[in-house]
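Take a look at the letters that make up each chain.
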Amino acid sequence: MAKRWIAGVDLGGTATKIAFMTMDGKIIDKWEIATDNSNEGKNITANIGNSIAEKLKAFGQTKEQLAGIGMGAPGPVHYETGIMLNTVNLGWENNFPLKDSLEAATSLPALIENDANCAALGEMWKGAGDGAKDLVCVTLGTGVGGGVIANGNIVQGINGAAGEIGHITVIPSGGAPCNCGKTGCLETVASATGIVRLAKEALSKPKSAGELAEKYTTNGSITAKDVFDCARNGDPLANQVLNEVAFHLGFTLANIANTLNPEKIVLSGGVSKAGGILLNAVKQQFERFTFSSVRDSTELALATLGNDAGVIGAAWLIKNKFER
Ligand SMILES: [Zn+2]
């Protein structure tokens with residue numbers, strides 16, 4: 001049994017990452033296939049099954065080599081049944097039986113969890129968590145996802161929607177609309193999209209000048225990375241945007257820490273690649289809004305697994321099941 005592998009899958013709206021891993025969390029091989037969400041998503045699990053079968057063959061292995069398939073999926077998932085409740089980008093109808101569909105396509109046991117939760121599990125197992133059993137992970141990408149791990153287990157909630165840090169309201173009135181249907185969510189100010197929106201707002205004010213303003217004029221657009229790069233160069237307007245983002249993020253994470261007192265809060269996702277300049281700005285606000293016992297014991301850290309966190313966390317689901 002110990003020599004068996006796990007398949008970890010990170011299902012995305014346009015691409016799906018797959019990895020074969022050992023039971024102790026080493027990646028044997030990883031690759032990516034396109035997510036075919038045409039035809040009401042009918043090909044998605046079949047394509048994953050075929051890709052895994054081909055790869056096993058290339059390794060001279062059969063499916064008996066795999067203990068199971070763990071998958072992270074983009075939306076709330078009912079963990080016990082593996083039903084995806086809301087499937088905006090994948091072409092499926094809501095309440096799609098993803099676990100059953102994947103098991104039928106592969107003849108292997110499957111476990112499904114929300115993708116942000118998988119990223120949190122990945123960081124707990126092999127990343128910045130470094131074995132921490134109480135950990136919160138906030139994924140700052142195109143949107144903002146979150147995962148809360150208490151005593152080694154993901155907090156799922158009654159409807160699989162726990163840990164959705166991105167939809168914590170940070171601007172109670174007059175906030176920008178969010179993909180979830182509300183306004184003023186953390187996602188509207190701390191995602192890559194939200195940061196660009198804040199920057200454009202600042203740039204639209206009369207007499208805006210400096211490096212970021214020049215970039216905007218030259219390129220006709222800006223990215224979240226531009227904002228951090230210019231802030232690092234001392235551009236005042238970019239720093240103003242950075243401080244606004246850090247305020248909302250630090251405030252929200254402090255209140256989560258005041259509630260849960262996790263060992264670590266990990267910042268992951270594309271935006272977290274900004275590194276120290278973001279982490280330090282968030283830390284300042286975090287320290288301002290946490291009370292002393294929490295401030296002294298909950299650590300903010302940057303993720304270390306990058307894009308692999310999802311497949312590693314998905315594989316952990318299977319490992320965890322076999323170790324119980
Ligand atoms: Zn929202």
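All residue numbers refer to position in the chain's written sequence, counted from 1. Under the rules for a predicted model, residues below a pLDDT of 70 receive no local features and side-chain atom pairs below 80 are neither given nor counted, while totals for whole chains, interfaces and linings still include all residues. No hydrogens and no water enter the side-chain calculation; it runs on all heavy atoms of the structure.

A. Molecular detail of the nonpolar core. For this analysis, a nonpolar core means a set of buried residues of the types Ala, Val, Leu, Ile, Met, Phe, Trp, Tyr and Cys, connected via side-chain atoms within 4.5 Å. Residue exposure (1.4 Å probe, protein chains only): buried if accessible area is under 20% of the type maximum, exposed if over 50%, otherwise partly exposed. Of all hydrophobic cores here, the largest spans 46 residues; its most connected members are Leu212 and Leu253. Helix and strand definitions here come from DSSP, where helices need a minimum of 4 consecutive H or I residues and strands a minimum of 2 consecutive E residues; each element is numbered from the N-terminal end. The element best represented in this core is helix H8 (residues 236-260), accounting for 11 residues. Contacts are assigned to residue pairs with any non-hydrogen atoms lying within 4.5 Å of each other. Apart from residues no more than four positions distant in its own chain, Leu253 is found in contact with Val138, Ile265, Leu267, Val282, Phe286 and Leu300. Counting residues in each nonpolar core, the second largest holds 28 residues, with Ala120, Leu121, Val266 and Leu305 among its members.

B. The packing of aromatic side chains, seen in detail. Side-chain rings of Phe, Tyr and Trp, where Trp is taken by its six-membered ring, are said to pair if the distance between their centres is within 6.5 Å; with planes under 30 degrees apart they count as stacked, over 60 as edge-to-face, and otherwise as tilted. By the definition in use, this model includes 8 aromatic pairs. The interplanar angle of 80° and the centroid separation of 5.3 Å between the aromatic rings of Trp5 and Phe59 together place this pair among those described as edge-to-face. Of this pair, Trp5 sits in strand E1 (residues 5-11) while Phe59 is found in the loop between helix H1 (44-58) and strand E4 (66-73), placing the two residues 54 residues apart along the sequence. Since its relative accessible area comes to 11%, Trp5 is described here as buried. Residue Phe59 is classed as partly exposed on the basis of its relative accessible area of 35%. Through a chain of ring-to-ring contacts, the aromatic side chains of Trp5, Phe20, Trp31 and Phe59 assemble into a single cluster. Only when the NZ of Lys or the CZ of Arg is both within 6 Å of the ring centre and within 35 degrees of the ring normal is a charge said to sit over the ring. Across from the ring centre of Trp31, 4.7 Å away, lies the NZ or CZ of Lys55, which sits over that ring.

C. Region of interest: a negative patch on the surface. Exposure above 30% relative accessible area and no salt bridge define the residues that can form patches, which grow by joining like charges within 9 Å and nonpolar side chains of Val, Leu, Ile, Met, Phe, Trp and Tyr within 5 Å. Computed by Shrake-Rupley with a 1.4 Å probe, the accessible areas treat only the displayed protein chains as cover when residues are assessed. Take a side-chain nitrogen of Lys or Arg and a carboxyl oxygen of Asp or Glu: if they are within 4 Å of each other, that pair is a salt bridge. Charged residues are defined narrowly, with Lys and Arg counted positive, Asp and Glu counted negative, and His plus the chain ends left uncounted. We put the charge of a Lys on NZ, of an Arg on CZ, of an Asp on CG and of a Glu on CD. Taken together, the side chains of Asp130, Asp134, Glu263 and Glu299 present a region of like negative charge at the surface. Mapped onto the elements, Glu263 comes out in the loop between H8 and strand E12 (264-268).

D. Main features of the coordination of the zinc ion. All of the protein donors around the zinc ion are His167 (ND1), Cys178 (SG), Cys180 (SG) and Cys185 (SG); their distances to the metal are 2.0 to 2.3 Å. Counted as donors are N, O and S atoms no farther than 2.8 Å from the metal, or 3.2 Å for Na, K and Ca; water is not among the atoms, and sites may therefore look incomplete. Only two sets of limits are used to name each site, 85 to 135 degrees for every angle of a tetrahedral four-donor site, and over 155 degrees for opposite donors with all other angles from 65 to 115 for a square planar four-donor or octahedral six-donor site, with any other site named irregular. Around the zinc ion sit 4 donor atoms; with metal-centred angles ranging over 105 to 121°, the donor geometry is tetrahedral. Of note, the zinc ion draws all its donor residues from one chain, in the sequence arrangement H-x10-C-x1-C-x4-C. Residue His167 is located in the loop between strand E11 (153-154) and helix H4 (187-190), and its partner Cys185 is located in the loop between E11 and H4; the two are separated by 18 residues in the primary sequence.

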